[in-house]
Amino acid sequence: KVGAYAVHRWQDHAGGGDTEVTAVDLYLKKSFHAGLMHMFAELEVAVMFGSTSYSQSALTPGRFSIESGGGVLRVGGSIEGFKALMEAGYASGDDNPYDTHLTAFSFDREYKVGLLMFRQTLRQMTAAAVLNIQDPTYRGQPPRAYERIATSGAVQGAAYINPKVSYTFEFGLSLAAGYLHARSAAHYADPFQSSLNGGLPTGPKGALLQNLLGDEFDVAVSYDVPTPAVALRIKAEAAVYQPGEVFATHGDDAPPLQYGAWMTGELVW
C-alpha cells in the first residue's frame, strides 16, 4: 500500500502576518504471512517548508523560515491472540526559540504515544510556558503565535521507541504492556526559561542543555462485554514514568517518579 499527499498553502492571519508553506507526506505499508503469523511494516514521513510572518521573535523582527519534518516506523506481527509491535518515531526539534528558523515538527495530537510523558507531563509543561510568556510581569504584550507553544499532548521535537505486546483471550479479555523511551531531538528549550538564561536551551525547571525525556512503562487490561445490540468495552490503564534530566532543576535535583491510572468505558451502537 502506497500513499502520497502534498499541499501548498497561503494564509493571511486575522491577527496580522501571513504564512506560505508546503507540506509533503509519504506512506508505505507491506503486509505478509509467515506460516500462521501475520506481519506488517509501515512507514510514514512528512516534511514542511516555507515561511511565515505570523510568528514573532522577541529579539529579531521579520519573517521566519519553516524547515521541519518527522516520521513513524512500525513493525508488528500477530499469531492467534498474541500481538507484538515495535514503533519508532521522530519529530525535528528547535533548540533556539529566538532565531528566525522554525524547525520544530509536531505530530497530530490525536496520535497517541504512551500515557504520561507526552500526553500529561509535556502537555502541562508547555501550557505552563504559555502562561509564563503572557504574564504581564515579564512582558507587556506577548508576541503573536505564543499560544502555539502548547503541544496539547502531541509528540513534538522528540525521538522515541515504543515496543508493545498484547494478548487477547477468546472470551474477550485483553492484556497489554508497553515501554516508552524518548529523547529531545535537540537540546530541550523551554521558551520562557531559556529567555531567563540569555537564550541557552533550558528545561522547564531550569536544567541546562539536556535531551533525555525519560522512560515510561504502561500496562492495560480491557474486556469486551458480549451483548446482542451494542458493543461495550471496559478498559483500565496504568503507567509509571521516570522523567529524564530535561525536567531536573538547575541544581540537578532528580525529577520525581510519576504514576497514574485510568478506567474508561466505550459503548458503540
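Residues numbered from 1 in each chain as written. Predicted model: local features only at pLDDT ≥ 70, side-chain atom pairs only at ≥ 80, totals over all residues. Heavy atoms only, no water.

So, the packing of aromatic side chains
Let me state the cut-off plainly: Side-chain rings of Phe, Tyr and Trp, where Trp is taken by its six-membered ring, are said to pair if the distance between their centres is within 6.5 Å; with planes under 30 degrees apart they count as stacked, over 60 as edge-to-face, and otherwise as tilted. Secondary structure is summarised from DSSP: a helix means a run of H or I of at least four residues, a strand means a run of E of at least two, and numbering begins at the N terminus for each. Classification of residues uses two cut-offs on accessible area relative to the type maximum, computed with a 1.4 Å probe and protein chains only: under 20% is buried, over 50% is exposed, and between them is partly exposed.
One pass over the structure, following the stated rule, counts six aromatic pairs. Relative to Tyr160, the ring of Phe118 lies with its centre 6.3 Å away and its plane at 65°, an arrangement referred to as edge-to-face. One end of the pair, Phe118, is in helix α1 (residues 117–133); the other, Tyr160, is in strand β7 (residues 158–168), with 42 residues separating them in the sequence. In this structure, Phe118 and Tyr160 share a single accessibility class: buried. These aromatic residues form a ring-pair network of at least three members: Phe105, Phe107 and Tyr111.

Section: unusual backbone geometry
Despite not being glycine, Glu80 has its phi angle at roughly 55°, a positive value. Relative to the helices and strands, Glu80 resides in the loop between β4 (64–79) and β5 (82–91). On the basis of relative accessibility, which here comes to 77%, the residue Glu80 falls in the exposed class. The backbone of Ser152 shows a phi angle near 60°, a positive value even though the residue is not glycine. Among the structural elements, Ser152 can be located in the loop between α1 and β7. Looking at Ser152, the relative accessible area reads 37%, which means it is partly exposed.

Considering the nonpolar core
In plain terms, the rule: Here, nonpolar core refers to any group of buried Ala, Val, Leu, Ile, Met, Phe, Trp, Tyr and Cys residues whose side-chain atoms link them within 4.5 Å.
With 23 residues, the main nonpolar core has Met117, Phe118, Val155, Tyr160 and Leu213 as its most contacted residues. Contributions of two or more residues to this core are made by α1, β7, β8 (173–184) and β10 (231–243). Looking at this core, the element that brings in the most residues is α1, giving four residues.

A closer look at the environment of His187
Rules: The contact criterion used throughout is that any non-hydrogen atoms of two residues lie within 4.5 Å. Contacts described as polar in this section are N or O atom pairs within 3.5 Å, which, within protein, must combine one atom able to donate a hydrogen with one able to accept it, while residues neighboring in sequence count only if both atoms come from side chains.
Counting through the fold element by element, His187 comes out in the loop between β8 and α2 (191–196). Residues His187 and Val155, spaced 32 residues apart in sequence, show a C-alpha to C-alpha distance of 15 Å. Ignoring anything within four residues of it in the chain, the contact list for His187 reads Asp95, Pro201, Leu209, Gln210 and Asn211. One polar contact links His187 to Asn211, side chain to side chain, over a distance of 3.4 Å.

A look at the side chain of Thr151
Along the chain, Thr151 turns up in the loop between α1 and β7. Setting aside its immediate chain neighbours within four residues, Thr151 contacts Arg109, Leu122, Arg123, Thr126 and Gln156.

Let's talk about a nonpolar patch on the surface
Heads up, the condition is: Candidate patch residues must exceed 30% relative accessible area and have no salt bridge, after which like charges are joined if within 9 Å and Val, Leu, Ile, Met, Phe, Trp or Tyr side chains if within 5 Å. Surface accessibility in these figures is a Shrake-Rupley result with a 1.4 Å probe; residues are shielded only by whichever protein chains are displayed. The term salt bridge refers to a pairing of a side-chain nitrogen on Lys or Arg with a carboxyl oxygen on Asp or Glu at a separation within 4 Å.
Taken together, the side chains of Val2, Val24, Leu26, Leu28, Leu43, Val45, Val47, Phe49, Leu73, Val75, Met86 and Ile161 define a hydrophobic patch exposed on the protein surface, amounting to about 930 Å² of accessible area. Every element with two or more residues in the nonpolar patch is listed here: β2 (18–34), β3 (37–52) and β4. No other element matches β3, which puts four residues into the nonpolar patch. Within the secondary structure, Val47 sits in strand β3.

A look at the pairing of β10
Defined as follows: If DSSP finds at least two bridges between two strands, the strands pair.
Strand direction decides the pairing type here: strand β9 (residues 212–225) and β10, joined by 12 bridges, are antiparallel. Among the inter-strand pairings, Ser222 is bridged to a residue of β10, identified as Lys235. Hairpin connection from β9 to β10: five residues lie between these consecutive antiparallel strands.

Spatial relationships are all this shows, so hold off on functional conclusions.
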